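Listed below are the residues making up each chain.
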Amino acid sequence: MENNGYMEYTAASIKVLKDLEGVRKRPAMYIGDTDKRGLHHLVFELVDNSIDEAMAGFCNKITVVVGEDNSVTVADNGRGIPVDFHEEEGKSALEVVLTTLHAGGKFDTNIYKVSGGLHGIGVSVVNALSEWMEVEVVRDGYVWRQRYERGKAVTELKRGEKRKTTGTKITFYPDPEIFDNIEFSKEYLSERLRELAFLNKGLKIELEFRPTGKKEIFQYTGGIKEFIEYLDKSRNPIHRHPIYIYKAVDSFVLEVAFQFNDSYTENIFTYANNIRTIEGGTHLSGFKSALTRSINQYIKSRNIISEKDELKLTGEDIREGLTAVVSVKLPQPQFEGQTKTRLGDREVEGLVASIVGEGFSEYLERHPTEAKKIIEKSINAARSRIAAQKARDIVRRKNALELTSLPGKLADCSTQDPEKAEIFIVEGDSAGGSAKQGRDRTFQAVLPLRGKLLNVEKTRINKVLSNTTITTLISSLGVGIGKDDFDYNKLRYKKVIIMTDADVDGAHIRTLLLTYFFRYAREIIERGNLYIANPPLYQITDGKEKKWAYTEKEKEELIKKLGEDKVRVQRFKGLGEMTPSQLWETTMCPETRILRKVTIEDAIEADRMFDVLMGNAIGPRKEFILKNAHFVENLDI
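The structure contained in this document is the topic of the report that follows. (Residues numbered from 1 in each chain as written. Predicted model: local features only at pLDDT ≥ 70, side-chain atom pairs only at ≥ 80, totals over all residues. Heavy atoms only, no water.)

**As for the overall build of the protein chain**
The secondary structure content of the protein chain amounts to 19 helices and 30 strands. Counting across all 637 residues of the protein chain, residues that qualify as buried make up 55%. In the protein chain, the proportion of contacts linking residues at least 24 apart, taken out of those at least 6 apart, comes to 69%. Accessible surface, the protein chain: about 30,000 Å² in total, of which carbon and sulfur atoms supply 48%. (Helix = DSSP H or I, 4+ residues; strand = E, 2+ residues; numbered from the N terminus. Buried < 20%, exposed > 50% of the residue type's maximum accessible area, 1.4 Å probe, protein only. Contact = heavy atoms within 4.5 Å. Areas by Shrake-Rupley, 256 points an atom, 1.4 Å probe, with all protein chains shown as cover.)

Written as structure tokens, this is what we have:
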């Protein structure tokens, strides 16, 4: 029996490849880690199963509820997991799916032509890593229920009341024996659920977060076109509407939306079967080559650039200020790369290049005004690239010098081993002086920044490379800048620590530095090498005893504990006010300091937030400030 080209979904559809073993002993093998990312991965695996039902055309609503006890319920109105008897396994198909690795309909292309997630191991892994799980399936005219504990069924599958609808509802409680922290983040969940709603046009995803009483609904009839508008909300597009291309060829589906804006950064987000392909792959290379070819053919056909000019546009020139989403859906995608997030299917590259090339060329022909703006921006980018190359040559020559010949700037450490070395980036001579005196010279370097630090979000790379403060930073780190010059393997310090004053000015400098690293040295963040120092706000003295307070709350608690009449409180307005010994003890000593590692939990939201805070558009920044002003602490006026 068939339905919309799909075979009937029954127990016979469930293919079993391997028994469920060792998941609890080695959870990181299956979910990446047992920290925040792995915990939330449990939710996303269940959601991915519901998304597969939506992609197959059987589901249009998914609900995620986080309970006050940190249990999570994921429900959909899909076909429901089969509950009939599985002859080969001697138990219900539902129990097979929930207790066996690599068991599920995803391995039968007649049931799921396209699927995402962990390809069939998801729900069983979630079950194995849960203290308990309760499943409610509605299909075959009834409600079916079963309970599991740490991966094993503890009740029989029970048939309940009659019901005409269909669907699956799974509630689980993450096992505290596996996870140190089982508190879920609404923001972390929201970002992924919003992303999935954008990628699956019209699908309704509801999130109810009961610990805070907040509810959100994600549903986008415009799909990835609305995704582009969301990403570009704080940017100024140079053409009003995103360019949208869609085509289905047999079982392959391509959906692309992109828009050019007046920024200088390129942001392309690629997906295969709703899985974010962080490392790109064949769909990305096909998209890029199509853009480059289409623009250059348009320029040549109209003699926009004369042969005398000798200006040749590269793909990088054309993609300056581009925001794009490329989504492909195909049966059994082949993933490659270090993190298995690069699409490797060779035929996809040609398909994407052909479809996008045809669609974009047609757009340029039909929209000459927009085409002119896009090409003018690309030509300006090319001229800036040439200027930037000259500036890079200057930076290379500086890098060739011995760094110790940069007086008054970098105070290097004696070790030559990057794994042991760390560098503190501080602002100004006063803080730099204290840091230089307080440090351990064997492994700690200090770089005081002088002059105005450039906001790289608003600046082309040729201007970035002509900024003395930035070039000093680049030379000190040793990694270079830009796609052609950046080399992570040349990083001279495996701990790069931003150390600024605990006030508004310090926060501004820290944000400028973070913007630089995010835009031009992102691999340093991604590899876990960037940190923020956390200097104390107060020293509280009770006779001979010294205590440090890092927040206003800590200060009040310490004063109350030590006795208000007996203590002396010293407020540090800047690092320069601290003696070298105080700075060492509180902020630089590895045994006593507090360092916060900078991570990119979600590159899409990070990109959007940097643009909101540091970009040209004033409206979104004002909106953000008004919305978040009440969260501000320690404001110096």
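**What to know about the sheet that holds strand β29 (residues 568-571)**
What holds strands together in a sheet is hydrogen bonding between their backbones, with the strands either parallel or antiparallel. Spatially, the three strands line up as an open sheet ordered β28-β27-β29, and their pairing is antiparallel. Unpaired on one side and paired on the other, β28 (545-549) and β29 mark the two borders of the sheet. Direction aside, neighbouring strands of the sheet carry axes that sit 20° apart on average. For strand β27 (residues 538-542) and β29, the ladder comprises four bridges, and the chain directions are antiparallel. Each bridged residue has a counterpart across the sheet, and for Ile540 the counterpart in β29 is Val569. Each of β27, β28 and β29 is contacted by helix α16 (residues 552-562), which is oriented at about 155° to β28, the strand it contacts most. Helix α17 (residues 580-588) rests against β27, β28 and β29 of the sheet, and its axis sits at about 55° to β28. (Pairing = 2+ DSSP bridges. Axes fitted to C-alpha atoms, helices over the stretch in contact; angles between N-to-C directions.)

**Quick word on the nonpolar core**
Counting residues in each nonpolar core, the largest one holds 64 residues, and the members touching the most others are Val43, Leu98, Phe172, Phe184 and Ile205. The leading source of residues in this core is helix α2 (residues 36-55), at eight residues. Setting aside residues up to four positions removed in sequence, Leu98 forms contacts with Ile81, Val123, Ser124, Asn127, Met133, Val135 and Tyr148. (Core = buried A, V, L, I, M, F, W, Y, C linked by side-chain atoms within 4.5 Å.)

**Brief notes about the pattern of salt bridges**
A complete count under the given rule lists 37 salt bridges for this structure. Here Glu161 ties to Arg145 by a salt bridge, and the two come within 3.0 Å at their closest N and O atoms. Of this pair, Glu161 sits in strand β12 (residues 158-162) while Arg145 sits in strand β10 (residues 142-149), and the two are 16 residues apart along the sequence. Arg492 is the partner of Asp412 in a salt bridge, and the nearest nitrogen-oxygen pair spans 2.8 Å. Taken together, the residues Asp412 in the loop between α10 (368-400) and β23 (422-427) and Arg492 in the loop between α13 (468-477) and β25 (495-498) connect sequence positions 80 residues apart. According to the relative accessible area criterion, Asp412 is partly exposed, its value standing at 21%. Of the residues examined, Arg492 reaches a relative accessible area of 24% and is grouped as partly exposed. Counted as one network, the salt bridges with shared partners bring together Arg24, Glu131, Arg150, Asp175 and Glu177. (Salt bridge = Lys/Arg side-chain N within 4 Å of Asp/Glu carboxyl O.)

**Regarding the sheet that holds β25**
The strand order across the open sheet formed by five strands is β24-β23-β25-β26-β30, and the pairing between neighbours is mixed. Looking at which strands have only one partner, the edges of the open sheet turn out to be β24 (444-449) and β30 (595-597). In this sheet, adjacent strand axes meet at a mean angle of 30° when their direction is disregarded. Bridge count between β23 and β24: six bridges; the pairing is parallel. Bridge pairing in β24 links Phe424 to Val446. Packed onto the sheet, α13 meets β23, β24 and β25 and runs at close to 170° relative to β24.

**Some thoughts on the pairing of strand β5 (residues 72-76)**
It is a general feature of regular strands that their side chains alternate between the two faces of the sheet. Counted residue by residue, β5 has five buried out of five residues, so it is predominantly covered. Across the two faces of β5 the burial is the same, with Val72, Val74 and Asp76 and Thr73 and Ala75 all buried. For strand β4 (residues 61-66) and β5, the ladder comprises five bridges, and the chain directions are antiparallel. Of the residues in β5, the one forming a bridge with Val64 is Val74. Linking β4 back to β5 in an antiparallel pair, the connection comprises five residues, with Asn70 at a positive phi of about 70°. Note: β5 against strand β13 (residues 167-174), five bridges, orientation antiparallel. Within β13, the residue paired with Thr73 across the bridge is Thr171.

**Considerations on the packing of aromatic side chains**
Counted by the stated rule, this structure contains 15 aromatic pairs. Above the plane of the ring of Tyr244 lies Lys225, whose end atom (NZ or CZ) is 5.0 Å from the centre. Positioned above the aromatic ring of Phe518, the side-chain terminus of Arg522 is 4.0 Å from the ring centre. (Phe/Tyr/Trp six-rings, centres within 6.5 Å; stacked < 30°, edge-to-face > 60°. Lys NZ or Arg CZ within 6 Å of the ring centre and 35° of its normal.)

**Digging into the side chain of Ser327**
If you trace the backbone, Ser327 turns up in strand β20 (residues 322-329). Since its relative accessible area comes to 2%, Ser327 is described here as buried. Excluding its chain neighbours within four sequence positions, the residues that come into contact with Ser327 are Leu199, Val253, Leu254, Glu255 and Tyr271.

**Quick notes on the pairing of strand β15 (residues 214-218)**
Examined bridge by bridge, strand β14 (residues 204-209) and β15 share five bridges and lie antiparallel to one another. Each residue of the ladder has a partner; that of Glu206, found in β15, is Ile217. The antiparallel pairing of β14 with β15 creates a hairpin that spans four residues between the two strands, and Gly213 there sits at a positive phi of about 75°.

**Looking at the environment of Val137**
Turning to its location among the elements, Val137 is positioned in strand β9 (residues 130-139). Once you skip the residues sitting within four places of it in the chain, Val137 turns out to touch Gly80, Ile81, Val83, Leu94, Tyr142, Val143, Trp144, Gly167 and Thr168.

**Let's talk about the side chain of Ser475**
With respect to the secondary-structure elements, Ser475 resides in helix α13. The class for Ser475 is buried, based on a relative accessible area of 4%.

**So, α13**
Taken across its ten residues, α13 has nine buried, putting it largely inside the fold. Residues of α13 that are buried: Thr469, Ile470, Thr471, Thr472, Leu473, Ile474, Ser475, Ser476 and Leu477. The residue sitting at the N-terminus of α13 and contributing the capping side-chain oxygen is Asn467; that oxygen lies 3.2 Å from the backbone nitrogen of Thr469. Two residues or fewer past α13, Gly478 is found with a positive phi of approximately 85°. (Polar contact = N/O pair within 3.5 Å; in protein donor to acceptor, adjacent residues only side chain to side chain.)

**Comments concerning helix α14 (residues 504-520)**
In this model α14 runs 24 Å from its N-terminal to its C-terminal C-alpha over 17 residues, within 8% of the 24 Å that 1.5 Å per residue would give. Every buried residue of α14 is listed here: Gly506, Ile509, Leu512, Leu513, Leu514, Thr515, Tyr516, Phe517, Phe518, Arg519 and Tyr520. (Expected span 1.5 Å × (residues − 1).)

This is a description of form; function is not addressed.
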